[in-house]
Amino acid sequence: MDNCMDDKSALLIVDLQNDFCPGGALGVSGGDEIVAVINRAIAHCISRRLPVIASRDWHPSKTTHFREFGGLWPPHCIRGTDGAEFHPELRLPENVIVVSKGTDETHDDYSAFHARDSQGRRLAEILSSLGVSRLYICGLATDYCVKETVLEAARHHIDITVFTDAVRGVDLNPGDSAKALAEMESSGAHFAEVLNLLE
Ligand code: VGL
Ligand code: ZN
């Protein structure tokens with residue numbers, strides 16, 4: 001297990017938004033506990049001038065992703081609302097690249113590879129323009145967006161490492177997060193801990 005991100009690496013923070021934290025519309029247990037850990041990973045990237053990308057769930061108020069319209073979930077992360085904002089203690093760098101997903105009325109868009117930046121570029125295109133081939137991933141939720149992003153990374157030939165101390169899952173069914181981590185490992189993902197990163 002490596003304890004330093006190299007110059008082909010970037011950090012991807014998945015959906016660290018108010019609605020996914022305790023008290024939010026779709027609060028993930030312990031979701032807010034990882035903010036301090038992620039801030040440490042961000043500091044690691046800033047000191048090495050490595051890109052930091054933050055994805056956000058950015059839904060319209062009417063989408064088939066929501067229970068009311070046939071989906072699985074209560075309304076959450078509706079763009080423009082407080083619930084869709086990043087956690088206030090997350091210390092994103094000034095040059096963070098924000099990518100938004102779930103913006104369509106008919107797609108769940110769990111994978112951050114479906115997200116686009118403000119210029120409409122998808123994540124894979126952004127990574128290749130930055131010369132990034134290794135992605136370190138953290139955030140919410142282990143069993144949905146983190147998992148789908150990790151499983152899709154292989155298809156884009158991106159080597160991926162999950163920061164296991166900086167993810168939390170929904171666990172609609174008990175054990176979903178553990179199962180998700182096992183699937184990620186079988187797909188070739190590596191595991192590391194932020195707390196083992198060198199300062
Ligand atoms: C997510 C459930 C619904 C996620 C998004 O970010 O993991 N989970 N929408
Ligand atoms: Zn969502």
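Refer to the structure printed above.
Quick notes on the rules
Residues numbered from 1 in each chain as written. Chains lettered and ligands numbered in written order. Predicted model: local features only at pLDDT ≥ 70, side-chain atom pairs only at ≥ 80, totals over all residues. Heavy atoms only, no water. Helix = DSSP H or I, 4+ residues; strand = E, 2+ residues; numbered from the N terminus. Buried < 20%, exposed > 50% of the residue type's maximum accessible area, 1.4 Å probe, protein only. Lys, Arg positive; Asp, Glu negative; His and termini not counted. Charge placed at Lys NZ, Arg CZ, Asp CG, Glu CD. Axes fitted to C-alpha atoms, helices over the stretch in contact; angles between N-to-C directions. Parallel < 35°, antiparallel > 145°, perpendicular 65-115°, else oblique. Contact = heavy atoms within 4.5 Å. Nonpolar A, V, L, I, M, F, W, Y, C, P; charged D, E, K, R; others polar. Salt bridge = Lys/Arg side-chain N within 4 Å of Asp/Glu carboxyl O. Near = heavy atom within 4 Å. Polar contact = N/O pair within 3.5 Å; in protein donor to acceptor, adjacent residues only side chain to side chain. Areas by Shrake-Rupley, 256 points an atom, 1.4 Å probe, with all protein chains shown as cover. Phe/Tyr/Trp six-rings, centres within 6.5 Å; stacked < 30°, edge-to-face > 60°. Lys NZ or Arg CZ within 6 Å of the ring centre and 35° of its normal.

Enquirer: An account of the overall build of the protein is needed here, citing residue identities and associated values.
Expert: From N to C terminus, the protein includes 4 helices and 6 strands. Secondary structure elements of the protein occur, N-terminal to C-terminal, as β-α-β-β-α-β-α-β-α-β. Considered along the principal axes of its C-alpha atoms, the protein spans approximately 45 × 40 × 35 Å. Across the 199 residues in the protein, those meeting the buried criterion constitute 49%. Both charge centroids of the protein, one from 18 positive and one from 30 negative side chains, sit 4 Å from each other.

Enquirer: Explain the packing of helix α3 (residues 142-153) against helix α4 (residues 176-186) to me, and be specific about the residues and the numbers.
Expert: One way to put it is that α3 packs onto α4 with a least axis distance of 10 Å and a crossing angle of 5 degrees. In terms of orientation, α3 lies roughly parallel with respect to α4. Two secondary-structure elements touch here, α3 through Thr142, Asp143, Val146, Lys147, Val150 and Leu151 and α4 through Asp176, Ser177, Ala180, Leu181, Glu183 and Met184. Split into classes, the residues belonging to the contact of α3 with α4 amount to 6 nonpolar, 2 polar and 4 charged.

Enquirer: Describe the pattern of salt bridges, with residues and values.
Expert: By the definition in use, this model includes 6 salt bridges. A salt bridge links Glu33 to Arg168, with the shortest nitrogen-to-oxygen separation between them at 3.1 Å. Within this pair, whereas Glu33 is found in the loop between β1 (9-14) and α1 (35-48), its partner Arg168 is found in strand β5 (residues 159-168), the two being separated by 135 residues in sequence. Judged by its relative accessible area of 51%, Glu33 falls in the exposed class. For Arg168, a relative accessible area of 23% corresponds to the partly exposed category. By sharing partners, the salt bridges in this structure join Asp15, Asp57 and Lys101 into a single network.

Enquirer: How would you sum up the site of ligand 1? Please name residues and give values.
Expert: Contacts to ligand 1 come from Asp15, Phe20, Leu26, Asp57, His65, Trp73, His76, Tyr110, Leu140, Ala141, Tyr144 and Cys145. His76 is positioned such that a nitrogen or oxygen atom in its side chain is 3.1 Å from a nitrogen atom of ligand 1. In isolation ligand 1 has 250 Å² of accessible area, and contact with the protein removes 100% of it. Here the residues of the shell around ligand 1 sort into 8 nonpolar, 2 polar and 2 charged.

Enquirer: Please provide a residue-by-residue account of the packing of aromatic side chains, values included.
Expert: Using the criterion set out here, one finds 3 aromatic pairs in the structure. Arranged with centres 4.9 Å apart and planes meeting at 90 degrees, the rings of Trp73 and Tyr144 form a pair that is edge-to-face. With Trp73 in the loop between β2 (52-57) and β3 (97-101) and Tyr144 in helix α3, the pair connects residues that are 71 residues apart, well separated along the chain. Since its relative accessible area comes to 17%, Tyr144 is described here as buried. With a centroid separation of 5.4 Å and an interplanar angle of 50 degrees, the aromatic rings of Tyr110 and Tyr144 are classed as tilted. Residue Tyr110 is located in the loop between β3 and α2 (123-130), and its partner Tyr144 is located in helix α3; the two are separated by 34 residues in the primary sequence. The same class applies to Tyr110 as to Tyr144, namely buried. Cluster of aromatic residues (ring-pair linked, three or more members): Trp73, Tyr110 and Tyr144. The ring of Trp58 has Arg56 lying over it, and the distance from NZ or CZ to the ring centre is 3.5 Å.

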